[in-house]
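An overview of the molecular structure
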Amino acid sequence: MNNFIAFRTLVIEEIRRFIRIWPQTLLPSVVTTALYFMIFGHLIGERFGDIDGVSYMDYIVPGVILMSVISNAYANVVASFYLRKFQRNIEELLVAPIANWVILLGYVCGGIARGMLVGIIVTATSLLFTDINVHHWGVTLTIYILTATLFSLAGFVNAIFANSFDDISTIPNFVLTPLTYLGGIFYSITMLPELWQQLSLANPILYMINAFRYGLIGVTDIKIEIAFLMTGGFTLFLTIFSLVLLHKGIGIKD
Amino acid sequence: MNALSLRNLTKTYRNGFTALRGIDLDIQQGDFFALLGPNGAGKSTAIGIISSLVNKTSGSVHVFGHDIDTHSAKVKSCIGLVPQEMNFNQFETVQNIVLNQAGYYGIPRHLAIASTEKCLKQMFLWDQRDMVSRRLSGGMKRRVMIARALVHSPQLLILDEPTAGVDIEIRRSLWEMMAQVNQQGTTIILTTHYLEEAESLCRNIAIINNGLIVEQSGMSELLAQVNKDYFVLDLAQPISALPKIEGYELELIGSKTLSALVNKEQSLNGLFQQLSMHHIDVLSLKNKTNRLEQLFMGLVSE
Ligand SMILES: Nc1ncnc2c1ncn2[C@@H]1O[C@H](COP(=O)(O)OP(=O)(O)OP(=O)(O)O)[C@@H](O)[C@H]1O
Ligand SMILES: [Mg+2]
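The structure reproduced in this document is the subject of the present report. (Residues numbered from 1 in each chain as written. Chains lettered and ligands numbered in written order. Predicted model: local features only at pLDDT ≥ 70, side-chain atom pairs only at ≥ 80, totals over all residues. Heavy atoms only, no water.)

Some remarks on the overall build of chain B
A count of helices and strands for chain B gives 10 helices and 14 strands. Dimensions along the principal axes, computed over C-alpha positions, put chain B at roughly 75 × 45 × 40 Å. Per-residue burial over chain B gives 53% buried out of 302 residues. For chain B, restricting intrachain contacts to residue pairs at least 6 apart in sequence, the fraction spanning at least 24 positions comes to 69%. Charge-centre separation for chain B: the mean point of 28 positive side chains lies 8 Å from the mean point of 29 negative side chains. (Helix = DSSP H or I, 4+ residues; strand = E, 2+ residues; numbered from the N terminus. Buried < 20%, exposed > 50% of the residue type's maximum accessible area, 1.4 Å probe, protein only. Contact = heavy atoms within 4.5 Å. Lys, Arg positive; Asp, Glu negative; His and termini not counted. Charge placed at Lys NZ, Arg CZ, Asp CG, Glu CD.)

If you want it as C-alpha cells, here you go:
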C-alpha cells in the first residue's frame, strides 16, 4: 500500500513535469517528424519506388513513430532523474521508505507515458500524409510499449552514471541517434551490401523498428520472434542492472 | 527505549577520507539532543548514515530498536530529516514539495493534504504555498525543509543546522516549535553552531571532533563543570598598559575595554578594589560568559 502510494506520487509528478514544459518535451518531436513525412515521404519519397510492395511514405512511418518513442522515453527519464540528482532532491526518495523497484518503476512509467504520448501525436500527424491500416495490433502495441520501457530504462542507467549535463546529452547524441538512423527507419537492410547487413544485425534498434513495421504494415527484414527475444532480453537485462545499481547506491549515495 | 543507538560507527569516504572513527551514541526516546562539533567534525556524515543518505563503512545503527541493515523501511518511517543543504526541487511549488514527500512516505492523499496544510501553517509558509520554491528567501527555504520533515509526523526529528540563515523572529518561533514538537513526544537531534541555542533547548549533548565523540553528558552536568565567569568592563579613561592584578586574568581588548576571567569563588569586590587603586574607573560591566562555548573550545582544541 505504502509502495503503491509512493509509486503513484512519482508517476503523477513525472507526468505533470513533462506536460508543464510541453513546448520542450512534446512539441519538438512533432515538428521534426512532420518535416520527415513532408520531405522524405511526400516530396522525395514520391520519386522512389516501393519497398517490399509498399510506398516509401508508408515504409518510413513506423520507424519515424518509433524513433520519437525511443528518444522521448529516453530523454524524459535521463533528464528528470539527472535533475533530481543535480538538485539533490533524490534525497527525498532516499530518506523515504520506498523500495528501489518502486523508484525505478515510477521513473520508467513516466518515460513510457511521454514516449507513448508523443508516439500517439506523431501517429496522428502521419495520418495527415497517409493512411495506416494496422496489420497486427498485438505486435504493434507490445513492441510499442516494450520499446518505450527499454529506452526509459536506458535513460535511467545513463542518469545514474551521469555527473554533468554533458553526460546526459553525449549518449543520446553520439549513440542513440546514430543507432536509430542506422536501425532501418528509412531503408530496408536488404538494400545494403552484405557486410553492412551483418553489422546492422548488431544494432538492437533494428529489431524493434522491423517488428513495429511488421505490426503496422506487415513488412519486416527480421523474424518477429527474434525481434521480441532481443527487445525483451535487453529490457530484462537493463531492469536487473538498474536495480543492482540502485541497491548499491551507485551515483546516488556517498 | 532508545530512539537512536549507534555502535562503533565508522565512515571512510570513497576518496579515502575517514570522517567517522568509531562512534557510540545512545539517545533516549523523548530527548532533545544536541550534536555539536566544529566544521568538518562529522556531524552531517553521522546524520547522513542514520537517515540512509550515506552508506556506513562499519558499525551498527538502531532506530527505536529497528536495525538499519535489516529493517531499513521501518527505520526510515520513524525519521524526519532537515538536511544542512537545500535539497528540494527548485521548480516545484512549496505545497507540492511537502505533499509529494508525504506521498513518498506512503501517506494517503486526503491525509497528506491535511498534514501538508498543518505543517505549512506551522512553518508560516501557508501564504507562500503556491510559490515556486526557487523564488523563496533563504530562511523560507529552510522552513520548507522543516515542514517537509514533519509531514509524516516522525518519531525522531533530525535537524542539521535548521536555524542557519534564519532571521531572529523566525528563529525564536522555530525554537518554540521545536520545544513544542519535543513536548508532544518527538525525539529531536539538533546540530547547530549557535551554542546558546543548544544550551537553552537541549537536555543532553554530545560533542564530536575529528570523527570521534569527545564529550557526552547531560547539559546541566556539563555546564556545572564551568567554573569561570567572563566579564567585559568599559572604562572611563583609556589606559595604555594593563595593571598587574593578582588572582584575576585580565586582558586589554581596546584602549577603553578590559576583559576579566573570574573564578566562581572569587569576589568581584576584590577586582574593583584593585582597579580603584590603579585609578581605573569602570563605567559599566557586562557578563559575556557563554559557558557552553568555553567548554566547547576547551574540548575541541585539545
Ligand atoms: N562526499 C564526501 N567525500 C569525501 N569527504 C567528505 C564527503 N562529505 C564530507 N566529507 C568530509 O568528511 C568530513 C566531515 O564532514 P561533515 O559534513 O560530516 O562535517 P560536519 O560536522 O557536518 O561539518 P559542518 O559543521 O561544516 O557542517 C569533512 O572533512 C568533509 O570534508
Ligand atoms: Mg554539517
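Remarks on unusual backbone geometry
Residue and element names in this part refer to chain B. Phi is positive for Ser-52, close to 70°, though the residue is something other than glycine. Within the secondary structure, Ser-52 is located in the loop between α1 (43–50) and β4 (58–63). Under the relative-accessibility criterion, Ser-52 is labelled buried at 7%. In the Ramachandran plot, Phe-64 falls in the positive-phi region, its phi being about 45° despite a non-glycine side chain. On the accessibility criterion, Phe-64 (5% relative accessible area) is buried.

Points about the nonpolar core
The biggest cluster of nonpolar side chains holds 157 residues, and the ones touching the most others in it are Phe81(A), Phe151(A), Leu36(B), Val61(B), Val63(B), Met178(B) and Leu292(B). A total of 17 residues in this core trace back to one element, the largest contributor, which is helix α4 (residues 56–86) of chain A. Split by domain, this core shows at least three residues from each of two domains, domain 1 (2–223) and domain 2 (228–300) of chain B. Setting aside anything within four residues of it in sequence, one finds Met178(B) in contact with Phe32(B), Leu159(B), Pro162(B), Thr163(B), Ile188(B), Leu190(B) and Leu201(B). Core analysis: the next-biggest nonpolar cluster, separate from the first, contains 13 residues, Phe231(B), Leu250(B), Ala260(B) and Leu271(B) among them. (Core = buried A, V, L, I, M, F, W, Y, C linked by side-chain atoms within 4.5 Å. Domains from an automatic or database assignment.)

Brief notes about the coordination of the magnesium ion (ligand 2)
Residues and elements named next belong to chain B. Taken together, Ser-44 (OG) and Gln-84 (OE1) make up the full set of protein donors to the magnesium ion (ligand 2), lying 1.9 to 2.1 Å away. Here Ser-44, found in helix α1, pairs with Gln-84, found in the loop between β6 (79–82) and α3 (94–104); they are 40 residues apart in sequence, far enough to count as distant. The exposure class assigned to Gln-84 is partly exposed, which follows from its relative accessible area of 29%. (Donors = N, O, S within 2.8 Å, 3.2 Å for Na, K, Ca; no water.)

Brief notes about the sheet that holds strand β9 (residues 204–209) of chain B
All names here are of chain B. Ordered in space as β6-β7-β8-β3-β9-β10, the six strands form an open sheet in which the pairing is mixed. Two strands in the sheet have a free side with no partner beyond their single neighbour: β6 and β10 (212–218). On average, each strand axis in the sheet is tilted by 15° relative to the strand beside it, whichever way the strands run. Where strand β7 (residues 156–160) and strand β8 (residues 187–191) come together, five bridges link them in parallel fashion. In the strand pairing of β8, Leu-157 is matched with Ile-188. Strand contacts of helix α6 (residues 168–183): β3 (32–36), β7 and β8, with the helix running at about 150° to β8, the strand carrying the most contacts. In the packing of helix α10 (residues 291–301) onto the sheet, contacts are made with β3, β9 and β10, and the angle to β9 comes to roughly 35°. (Pairing = 2+ DSSP bridges. Axes fitted to C-alpha atoms, helices over the stretch in contact; angles between N-to-C directions.)

Description of the site of ligand 1
Asn39(B), Gly40(B), Lys43(B), Ser44(B) and Thr45(B) are the nearest of the 16 residues found near ligand 1. With respect to ligand 1, its neighbouring residues span chains A and B. Contact between ligand 1 and Tyr13(B): a nitrogen atom at 3.4 Å from a side-chain N or O atom of the residue. Interatomic distance of 2.7 Å between a side-chain N/O atom of Ser44(B) and an oxygen atom of ligand 1. When isolated, ligand 1 has an accessible area of 630 Å², and the protein chains bury 70% of it. At three residues, the largest contribution of residues to the shell around ligand 1 is made by α1(B). In terms of residue class, the shell around ligand 1 is built from five nonpolar, eight polar and three charged. (Near = heavy atom within 4 Å. Polar contact = N/O pair within 3.5 Å; in protein donor to acceptor, adjacent residues only side chain to side chain. Areas by Shrake-Rupley, 256 points an atom, 1.4 Å probe, with all protein chains shown as cover. Nonpolar A, V, L, I, M, F, W, Y, C, P; charged D, E, K, R; others polar.)

Brief notes about the packing of α4(A) against helix α10 (residues 204–217) of chain A
Residues and elements named next belong to chain A. Running from N to C, α4 and α10 point in directions that differ by 125°, and their axes come no closer than 9 Å. Compared by their axis directions, α4 and α10 come out oblique. Crossing handedness for the pair α4 and α10: right-handed. The segment α4 lies against α10, with Asp-58, Tyr-59, Pro-62, Gly-63, Ile-65, Leu-66 and Ile-70 engaging Ile-205, Met-208, Ile-209, Phe-212, Arg-213, Leu-216 and Ile-217. (Parallel < 35°, antiparallel > 145°, perpendicular 65-115°, else oblique. Left-handed = near helix turned anticlockwise from the far one by under 90°.)

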